[in-house]
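# Fold and geometry: a report
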Amino acid sequence: MTSDTRPDEDGAVAPPGRQRTLGDRVALRGDLRAALPDATAAVVVTALVFAFLWARMESGESDTVAVMPFMDDPGTYWMYLLSQAFGWSGLLWAWGTVMLGLLLSGPRPTRLPVSRQVLERWHRTTSLTTMALMFAHALMFAAELVRYETKVAWAERLWVAFADTFVPGWYDSGTGKIAIPLGQGALYLAIPLGLLFYVRHRIGANTWRRLHRFVIVVYVLSVWHTLLYGTNVWYGEWPRTLLWLLQLPVAVLLLLRLLRPARRAERLGPPGGRGGAARPGWWVRAAGRVVVGAVVVGLVIVVVSGRDGGRDRPTHPPATAPHAQETD
């Protein structure tokens with residue numbers, strides 16, 4: 001989830017005497033060390049979210065309990081709450097790293113609070129933290145399933161939990177039939193796309209740049225997964241509207257990045273003209289700009305109208321478990 005430009009990769013001529021050397025490569029080990037403060041902050045945020053969710057469940061105000069009333073005991077379902085907490089902090093970090101990436105790869109701001117090199121380092125470290133949070137979210141969900149499947153032997157409990165969590169299409173209950181594969185897709189795309197940055201000198205900057213554009217797909221899948229399966233934003237109330245609202249700056253920055261890309265080679269120009277893209281590529285890029293513009297308009301309509309796809313809060317909440325226990 002790193003930015004798709006570097007200071008000498010935006011179409012400009014490198015300063016005289018500057019040559020890219022082995023020392024210019026960014027090492028994963030160094031970024032892992034640099035990510036420690038960021039990861040520590042993520043753990044603190046996760047702990048605060050966990051405490052908040054625990055308190056709401058104890059008080060009877062939890063939307064999770066409203067969706068699944070049998071989960072009214074935080075002491076029993078603490079692993080599920082921790083999975084939720086990792087999920088929310090992971091989505092927050094994903095939002096931050098995508099915003100940094102779009103800021104770095106779009107129109108160059110005239111003033112930045114810190115140097116571009118610092119922003120790039122933050123972008124890389126938040127990307128690594130995001131991947132760790134996403135994996136922790138999935139791992140705690142699997143741990144809760146292991147605890148839940150009490151009617152079968154340990155080996156089968158581990159397999160069921162692993163398959164339901166990590167095998168696409170295996171989970172077969174309710175909204176999870178769609179939502180969980182979306183989350184799995186986000187996780188399985190995020191890890192290779194994020195780590196490819198550290199081997200870009202082997203695959204080539206152009207290949208890496210083309211692949212890296214799919215990072216926005218990771219973010220879209222993550223938000224979609226949350227809107228479908230996040231019980232805390234299940235109902236059409238202000239938390240869900242706020243989640244939609246947070247997507248507006250992402251969409252606006254993405255539109256600006258498409259309209260005014262930092263690299264001259266990505267600018268639209270006249271179709272088929274000198275310096276412009278070939279006609280098929282030109283139409284694809286133009287269509288992308290139109291689609292993202294429509295997304296911006298759609299987000300504004302959703303936020304203003306309040307029609308955000310949320311469910312109505314039922315008078316009599318359901319009492320069924322989200323996943324039937326396995327039996328021998």
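Residues numbered from 1 in each chain as written. Predicted model: local features only at pLDDT ≥ 70, side-chain atom pairs only at ≥ 80, totals over all residues. Heavy atoms only, no water.

At a minimum axis separation of 9 Å, helix H2 (residues 36–59) and helix H5 (residues 116–148) run at an interaxial angle of 40 degrees. Of the possible angle classes, the one that applies to H2 and H5 is oblique. Note that H2 runs across H5; the crossing there is right-handed. Counting all contacts with H2, which are made through Asp 38, Ala 39, Ala 42 and Thr 46, the residues of H5 involved are Thr 125, Thr 126, Thr 129 and Leu 133. (Axes fitted to C-alpha atoms, helices over the stretch in contact; angles between N-to-C directions. Helix = DSSP H or I, 4+ residues; strand = E, 2+ residues; numbered from the N terminus. Parallel < 35°, antiparallel > 145°, perpendicular 65-115°, else oblique. Left-handed = near helix turned anticlockwise from the far one by under 90°. Contact = heavy atoms within 4.5 Å.)

Below, the discussion takes up the nonpolar core. If you look at the biggest cluster of nonpolar residues, it comprises 34 residues, and the most contacted ones within it are Tyr 80, Phe 141 and Tyr 229. Breaking this core down by element, the ones donating at least two residues are helix H3 (63–67), H5, helix H6 (154–166), helix H7 (176–195) and helix H10 (215–229). No other element matches the eight residues that H5 contributes to this core. Setting aside its immediate chain neighbours within four residues, Tyr 229 contacts Phe 141, Tyr 171, Thr 175, Gly 176, Ala 179, Ile 180 and Trp 234. (Core = buried A, V, L, I, M, F, W, Y, C linked by side-chain atoms within 4.5 Å. Buried < 20%, exposed > 50% of the residue type's maximum accessible area, 1.4 Å probe, protein only.)

This paragraph deals with empty space enclosed by the protein. If a probe as big as a water molecule is rolled over the atoms, it shows which places are left empty. For the coordinates displayed, the defined rule picks out two cavities of 30 Å³ or more. If you add up the space inside the largest cavity, you get close to 560 Å³. Looking at the largest cavity, it is lined by 30 residues, and the ones nearest its centre are Ser 83, Gly 87, His 137, His 225 and Thr 226. Mapped onto the lining of the largest cavity, the elements with two or more residues apiece are helix H4 (78–105), H5, H6, H7 and H10. In terms of residue count, H4 provides more of the lining of the largest cavity than any other element does, nine residues in total. (1 Å grid on protein atoms, 1.4 Å probe; cavity = no way out; pocket = protein on both sides within 12 Å on 5 of 7 lines; lining within 4 Å. Points joined across faces, edges and corners; volume = space filled by probe spheres on them.)

Our focus in this paragraph is the pattern of salt bridges. Per the counting criterion, the structure on display carries seven salt bridges. The residue Glu 61 makes a salt bridge to Arg 56 at a minimum N-O spacing of 3.9 Å. We note a salt bridge from Arg 313 to Glu 237, for which the minimum N-O separation is 2.9 Å. Of this pair, Arg 313 sits in the segment after helix H12 (279–305) while Glu 237 sits in the loop between H10 and helix H11 (238–259), and the two are 76 residues apart along the sequence. (Salt bridge = Lys/Arg side-chain N within 4 Å of Asp/Glu carboxyl O.)

With that settled, consider the side chain of Arg 157. Note on placement: Arg 157 falls in helix H6. A relative accessible area of 11% places Arg 157 in the buried class. Those residues in contact with Arg 157 that sit more than four places away from it in its chain are Val 146, Arg 147, Glu 149, Thr 150 and Val 152.

Now for the packing of H5 against H6. Axis separation between H5 and H6 bottoms out at 8 Å; the angle between their running directions is 140 degrees. It follows that H5 is oblique to H6 by the angle criterion. Crossing handedness for the pair H5 and H6: right-handed. Contact residues: Phe 135, Ala 138, Leu 139, Phe 141, Ala 142, Leu 145, Val 146 and Arg 147 in H5; Trp 154, Arg 157, Leu 158, Ala 161, Asp 164, Thr 165 and Phe 166 in H6. In terms of residue class, the contact of H5 with H6 is built from 11 nonpolar, one polar and three charged. (Nonpolar A, V, L, I, M, F, W, Y, C, P; charged D, E, K, R; others polar.)

With that settled, the discussion passes to the layout of surface pockets. By volume, the second largest pocket amounts to about 610 Å³. Put simply, the parts of the chain that give the lining of the second largest pocket at least two residues each are H2, H4 and H11. In terms of residue count, the dominant contributor to the lining of the second largest pocket is H11 (six residues). Residues belonging to the lining of the second largest pocket are distributed by class as follows: 15 nonpolar, three polar and four charged.

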